[in-house]
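These are the residues of each chain, in order.
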Amino acid sequence: MDTVEALVGRTWLPLGWGTGCPRIPESGELSLRGFDSYETVTLGVVEATADSSGVIRLPLSQCEELHGHLGLVEVSRWSGAIAGEFEIVPDKVSEDAFQTLRAALERTWTGLIFDHDGSSRLRGQLPSPAELWREIEKPIRDISSEPRSILTRGVGLRRLEAVRRPSELTVSVIRASGVIARGTRGDSRELWDPQDGDSPIPLNQRPGRSTVLNRDVDIPENALVAETLRRLVSYSRRQPDGLDVATRANRALRSHPFSSCRMPRGGIDAARIRTIHDPRYRQVDKVLRMLDRPEAYATEGPGEARLGVKGMIRLYEYWVFLQVLDACRQRYGTPIEPGFAILGRMTGSGTTRLEIPAGATVRFEGNVLVAFEPRITASGRGWQGLEHVPHPDRRLAQNVITPDVVVLRLRATPAVVVFDAKYVGRHWVDHDAAKIHSRYARIRLHGRPVVRNVVAAHPHSGIDQLWAGYGSRPMIPGESAHVADLLP
């Protein structure tokens, strides 16, 4: 049987499995070859027919079943044989959704680790982005029109008639001006260049290299303003009503004079000393002191956030985990130490980086544990002694599973609820819910089955179904997720 290949760029790559399969941008055209003439194949949840040469071409943006779907797609041939998988990856089409997801992720995370009711000792209550922007909007505008600066010496071009200081009169300026020529012609005030014979050159036509004085705005005071704008942008993006402020502050940050400012070696404290006598800068520093609290600018990462839209699937998994933690906090109360502090790691610069390692576990009162990607093995030697019983169908059997989120209640009657994040198209929700049920439902503790439900979390409204032991629940970034009723 011929190998099925997918066109990626200008190269045909064979279908594979998992991370080794071809990756197709969500707005691109899917091209597959290696089928029989007019063979009907199944691409995940959609059927397609090859042409006379055994090729399938399908614009992903025009296919209702595949539009908006991200992740792996299994390809099944007419005979029932599995040809392999390809992966649909996000591109610029998902940019708006990515920004919403990233803001929701940061907002939920900071809400957990800095919340008054959380077990983290980092606490805080900051003014809204709009209030902070009102405080600095006029000072920023005034500074932009007349920023403080210093005079510095540099190298520039000067014509002879523009020289005002002895230091500006250099050999280069004199030579370029033609003064070293021999004599003039009539009353035209033109000089002859010795190199050009009879060709006249107007006096002072060419500039030469000279030492000039420039006004440099890259000074500590302006760097302090730039740092304030950067922190305001970061803080505003995490607030539900902060998008407009983030846009305005970012626009100001990219404009003169702040776009070229670097923080001095002495840091913010060194810059503050120079702002004492200027009320414009003092007002900005007042807001910076508010934003200097950890909860205002501590978010860094996760690393997937730096990938942009390419990291959407992973970021959605993080966000679902945080939403489940938030629901557990509301139902079970404050987590037991260290609580939500395990979600962040302090860096050398004093900020907190969002890190959720595999197996990260938060414990609540009532002996309730919530874990991110716990390792559960068939031998029972993995997370909390849970044992995975492989599926009797060999095609579905696994010895090790790592569900996205597991909620375990350890009481007289233990119970487990599994949440698995599925950033997929609407047509895929029920398909994936059934698939993860076959994968994660067979878990037991001390020989007794403990799974109550396996739930597919997805970003689509109107699809909320709970069947016997499994189902799906909308969890939409930017909106409240209601999952408390599913907890054990």
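Residues numbered from 1 in each chain as written. Predicted model: local features only at pLDDT ≥ 70, side-chain atom pairs only at ≥ 80, totals over all residues. Heavy atoms only, no water.

Asker: Can you walk me through the pattern of salt bridges in this structure?
Answerer: Think of it this way: side chains of opposite charge can pair up when their charged atoms draw near. Taken as a whole, this structure holds 21 salt bridges when the rule is applied. The closest approach of N and O atoms between arginine 248 and glutamate 137, which form a salt bridge, is 4.0 Å. Within this pair, whereas arginine 248 is found in helix H5 (residues 243-253), its partner glutamate 137 is found in helix H2 (residues 129-145), the two being separated by 111 residues in sequence. The partly exposed category is assigned to arginine 248, whose relative accessible area is 35%. (Salt bridge = Lys/Arg side-chain N within 4 Å of Asp/Glu carboxyl O. Helix = DSSP H or I, 4+ residues; strand = E, 2+ residues; numbered from the N terminus. Buried < 20%, exposed > 50% of the residue type's maximum accessible area, 1.4 Å probe, protein only.)

Asker: Could you clarify how one ought to interpret the pairing of strand E18 (residues 368-372) in this entry?
Answerer: Most of E18 is tucked away, with 5 of its 5 residues classed as buried. Pairing of strand E17 (residues 361-364) with E18 involves 4 bridges; the strand directions are antiparallel. Bridge pairing links phenylalanine 364 to valine 368 in E18. The antiparallel pairing of E17 with E18 creates a hairpin that spans 3 residues between the two strands, and glycine 366 there sits at a positive phi of about 85 degrees. (Pairing = 2+ DSSP bridges.)

Asker: Explanation requested: the packing of helix H4 (residues 220-237) against H5 in the structure shown.
Answerer: Each packed pair of helices is defined by two parameters, the angle between the axes and the distance between the axes. Where H4 meets H5, the axes come as close as 8 Å, and the angle between the chain directions of the two elements is 155 degrees. Considered as vectors, H4 and H5 are oriented roughly antiparallel to each other. For the pair H4 and H5, the crossing hand works out as left-handed. Listed contacts from H5 to Ala226, Leu229, Arg230, Leu232, Val233, Ser236 and Arg237 of H4 are Leu243, Val245, Ala246, Ala249, Asn250, Ala252 and Leu253. Of the residues that constitute the contact of H4 with H5, the class distribution is 10 nonpolar, 2 polar and 2 charged. (Axes fitted to C-alpha atoms, helices over the stretch in contact; angles between N-to-C directions. Parallel < 35°, antiparallel > 145°, perpendicular 65-115°, else oblique. Left-handed = near helix turned anticlockwise from the far one by under 90°. Contact = heavy atoms within 4.5 Å. Nonpolar A, V, L, I, M, F, W, Y, C, P; charged D, E, K, R; others polar.)

Asker: Which parts of the structure should I look at to understand the sheet that holds strand E1 (residues 5-8)?
Answerer: The strands making up a sheet associate through backbone hydrogen bonding, with each pair oriented either parallel or antiparallel. Overall, antiparallel pairing links the 4 strands, which are arranged E2-E1-E4-E7 in an open sheet. Both edges of this open sheet fall to strand E2 (11-14) and strand E7 (55-59), since each of them pairs with a single strand only. Geometrically, the sheet is characterised by an average inter-axis angle of 30 degrees between neighbouring strands, direction not taken into account. As paired elements, strand E4 (residues 29-33) and E7 share 5 bridges and run antiparallel to each other. When the sheet's bridge partners are listed, leucine 30 is paired in E7 with leucine 58.

Asker: Help me out: how do you make sense of the pairing of E1 in this one?
Answerer: Regular strands have side chains that alternate between both faces of the sheet. Two strands pair when backbone bridges link them, and E1 and E4 are joined in this way by 2 bridges, in the antiparallel orientation. By the bridge assignment, glutamate 5 is partnered in E4 with arginine 33. Examined bridge by bridge, E1 and E2 share 4 bridges and lie antiparallel to one another. Pairing of leucine 7 across the sheet is with tryptophan 12, part of E2. Here E1 hands over to E2 after 2 residues, with glycine 9 in that stretch at a positive phi of 70 degrees.

Asker: Even after reading the chapter, I still don't get the sheet that holds strand E26 (residues 451-458), so can you show me in this structure?
Answerer: Strand order across the open sheet formed by 7 strands is E17-E18-E22-E23-E26-E28-E27, with mixed pairing between neighbours. The sheet is open, and its two edges are formed by E17 and strand E27 (465-466), each paired on a single side. As paired elements, E18 and strand E22 (residues 405-409) share 5 bridges and run antiparallel to each other. Residue valine 368 lies in a different strand from E22, and its bridge partner there is arginine 409. Running over the sheet, helix H9 (residues 312-332) touches E17, E18, E22, strand E23 (415-421) and E26 and is turned about 170 degrees from E18. The strands that helix H10 (residues 429-440) touches are E23, E26, E27 and strand E28 (470-474); relative to E26, the one it contacts most, it runs at about 145 degrees.

Asker: Looking at this structure, how should I read the side chain of aspartate 91?
Answerer: Checked against the element boundaries, aspartate 91 lands in the loop between strand E9 (82-89) and helix H1 (95-113). Looking at aspartate 91, its side chain comes within polar contact range of the side chain of serine 27, at 2.4 Å. (Polar contact = N/O pair within 3.5 Å; in protein donor to acceptor, adjacent residues only side chain to side chain.)

Asker: When you look at the packing of H2 against H4 in this model, what are you seeing that I'm missing?
Answerer: At their nearest, the axes of H2 and H4 sit 12 Å apart, and the two run at 150 degrees to each other. If you check the angle between H2 and H4, you find them roughly antiparallel. Two packed elements cross with a definite hand, and for H2 against H4 that hand is left-handed. Contacts from Pro129, Leu132, Trp133, Ile136, Ile140 and Ile143 in H2 reach Asn222, Val225, Thr228, Leu229, Leu232, Tyr235 and Ser236 in H4.

Asker: Quick question: what am I supposed to make of the packing of aromatic side chains here?
Answerer: When we look at a pair of aromatic rings, we describe it by the centre distance and by the angle of the planes. Counted according to the given criterion, the structure contains 6 aromatic pairs. Judged by centre distance (6.0 Å) and plane angle (25 degrees), the ring pair of tyrosine 316 and tryptophan 319 falls under stacked. In this pair, tyrosine 316 and tryptophan 319 are both assigned in helix H9, 3 residues apart and thus about one turn of the helix distant. Relative to phenylalanine 364, the ring of tyrosine 332 lies with its centre 6.3 Å away and its plane at 50 degrees, an arrangement referred to as tilted. Within this pair, whereas tyrosine 332 is found in helix H9, its partner phenylalanine 364 is found in strand E17, the two being separated by 32 residues in sequence. Here tyrosine 332 matches phenylalanine 364 in class, with each residue buried. Within the aromatic cluster, the residues linked to one another by ring pairs are Tyr316, Trp319 and Tyr423. (Phe/Tyr/Trp six-rings, centres within 6.5 Å; stacked < 30°, edge-to-face > 60°.)

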